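Each chain, written out:
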Amino acid sequence: MTTTTPTTPTTPTPHTAYVHGYSPQEARRLGDQADTLAALLHAGTAYPPGSRVLEVGCGVGAQTVHLARSSPGARIVAVDRSEESLTQARAYVTEQAPAADVTWHPADLFQLPFTDAEFDHIFTCFVLEHLRDPGRALAELRRVLRPGGTLTVIEGDHGSVVFHPDSHHAHEVIGHQIHLQSAAGGNALLGRELEPLLTDAGFTDVAVRPRTVYADRTRPALVDGFTRKTFIAMIESVRDDAMAAGLTTAADWNRGIADLRRAADDGGTFHYTFFKATAVSPQP
Ligand SMILES: C[S@@+](CC[C@H](N)C(=O)[O-])C[C@H]1O[C@@H](n2cnc3c(N)ncnc32)[C@H](O)[C@@H]1O
């Protein structure tokens, strides 16, 4: 694996607070999420050896490992605005994918420290949903992507949640997470908007393919890795913020979470859809 000394961060653009934060629990949740969903989300994404690939918002490297494994020989450049996350990402990828060719850059994705058309491919996962202005971010990604190069974007959409046993209280706690993400400038319902966002940003050949996760007791790895450790863990992580914002009481919160957990019990079921989009930077 190749590493470089991190570059000096550019002046950050005013941007949204990151609703999930940077705690060790969140790092673990991102890892569980990426590993559980790797086959589903990374299927069809492989870049040729020698190609220059930019991963935007790499976080703690949870997706970077899968990118590197699917694209041996690709020259990956991974960017995040959190230097702490990048330090963890570097250690994680060194351990998990020692042959990977990755360089790490602390940078704001709205002001990337790269020249025009520097990359053959760009990959970004669960990042646009945290931005106040995803359209402006896409314009910056288009700037650094060569004409004919590809962009891959993966986002969730909490509106796709369907579970059994159904519960009004459980839907309420999910609604609090959606509200808090929105209050922080993001959009937990972004998946459904990918096609118009990419088209409006000037990309061509836009193709959005929903990737559905469905978990019940016949798929215990998904129940544990996705329903419990990814989705419910994400909702639980905003408990204090939801209380502080006056959205809920301890009793209502506990009731909603207890009901949501029933979807991961024997006889419970849980469904969620991710949206994976690919697009091409137009030729001049
Ligand atoms: C939900 S995490 C996803 C991390 C990783 N892509 C994954 O799927 O595990 C979102 C990441 O986007 C980064 N991020 C948010 N806004 C950013 C910005 N303006 N510039 C660079 N990184 C940003 C955050 O620091 C965080 O690491």
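An unreviewed UniProt entry lists the chain under the name Methyltransferase domain-containing protein, with Streptomyces inhibens given as the organism.

Draft legend 1. How the structure looks around the UniProt feature "domain: Methyltransferase type" (unreviewed entry) in the chain. The UniProt record marks residues 54-152 with the feature "domain: Methyltransferase type" (unreviewed entry), using the residue numbering of this structure. In this annotation, residues 54-152 is assigned 34% helix and 30% strand; the end-to-end C-alpha distance for the span is 10 Å.

Draft legend 2. Molecular detail of the packing of helix α1 (residues 24-42) against helix α2 (residues 62-70). Two elements in contact, α1 and α2, have axes separated by 8 Å at closest approach and are oriented at 35°. Relative to α2, the crossing made by α1 is right-handed. Of the residues in α2, those in contact with Leu-30, Gly-31, Gln-33, Ala-34, Ala-38 and His-42 of α1 are Ala-62, Gln-63, His-66 and Ser-70. Of the residues that constitute the contact of α1 with α2, the class distribution is four nonpolar, six polar and no charged.

Draft legend 3. Seen up close, the environment of Leu-41. Assignment of secondary structure puts Leu-41 in helix α1. Given 21 C-beta atoms within 10 Å, Leu-41 falls into the buried group. Each C-alpha atom of the pair Leu-41 and Gln-63 lies 9.7 Å from the other, and the pair is 22 residues apart in sequence. Contact partners of Leu-41, with chain neighbours within four places excluded, come to Ile-154, Arg-211, Phe-274 and Lys-276.

Draft legend 4. Structural detail: unusual backbone geometry. Residue Pro-165 is reached from His-164 by a cis peptide bond, and omega for that bond is 0°. Locating Pro-165 in the fold gives a position in the loop between β6 (162-164) and α5 (168-183). Of note in the backbone geometry, Ala-117 takes a positive phi value of approximately 60° without being a glycine. Take Ala-117: it is sitting in the loop between β3 (101-106) and β4 (119-125). Exposure remark for Ala-117: the 15 C-beta atoms within 10 Å place this residue in the partly exposed category. A positive phi angle, close to 55°, is found at Asp-205, a residue other than glycine. Inspection of the secondary structure assignment puts Asp-205 in strand β7 (residues 204-215).

Draft legend 5. Broad picture of α2. Counting buried positions along α2 gives seven out of nine residues, so the element sits mostly inside the fold. Packing partners of the buried residues in α2 comprise α1, β1 (52-56), β2 (75-80), α3 (83-96), β3 and β4.

Draft legend 6. Looking closely at the packing of α1 against helix α7 (residues 220-236). At a minimum axis separation of 9 Å, α1 and α7 run at an interaxial angle of 140°. Viewed along their axes, α1 and α7 form a crossing whose handedness is left-handed. Along the contact surface, α1 presents Arg-29, Asp-32, Gln-33, Thr-36 and Leu-37, while α7 presents Leu-222, Gly-225, Phe-226, Lys-229, Thr-230, Ala-233 and Met-234.

Draft legend 7. Here's a closer look at the site of the ligand. The environment of the ligand is formed by 21 residues, the closest being Gly-57, Gly-59, Ala-62, Arg-81 and Leu-109. Among the elements of the structure, α1 and α2 are those that each provide at least two residues to the shell around the ligand. For the shell around the ligand, the class distribution of residues is ten nonpolar, eight polar and three charged.

Draft legend 8. Structural view of the environment of Ala-78. Within the fold, Ala-78 resides in strand β2. Put simply, Ala-78 and Glu-55 are 23 residues apart on the chain and 4.7 Å apart in space, counted from C-alpha to C-alpha. Filtering out sequence-adjacent residues up to four positions away, Ala-78 remains in contact with Glu-55, Cys-58, Thr-64, Ala-89, Val-102 and Trp-104.

Parameters and conventions
Residues numbered from 1 in each chain as written. Predicted model: local features only at pLDDT ≥ 70, side-chain atom pairs only at ≥ 80, totals over all residues. UniProt positions renumbered as here; feature names shortened; annotations may be inferred. Helix = DSSP H or I, 4+ residues; strand = E, 2+ residues; numbered from the N terminus. Axes fitted to C-alpha atoms, helices over the stretch in contact; angles between N-to-C directions. Left-handed = near helix turned anticlockwise from the far one by under 90°. Contact = placed C-beta atoms within 7 Å. Nonpolar A, V, L, I, M, F, W, Y, C, P; charged D, E, K, R; others polar. Buried ≥ 20, exposed ≤ 12 C-beta atoms within 10 Å, placed from the backbone. Near = placed C-beta within 6 Å.

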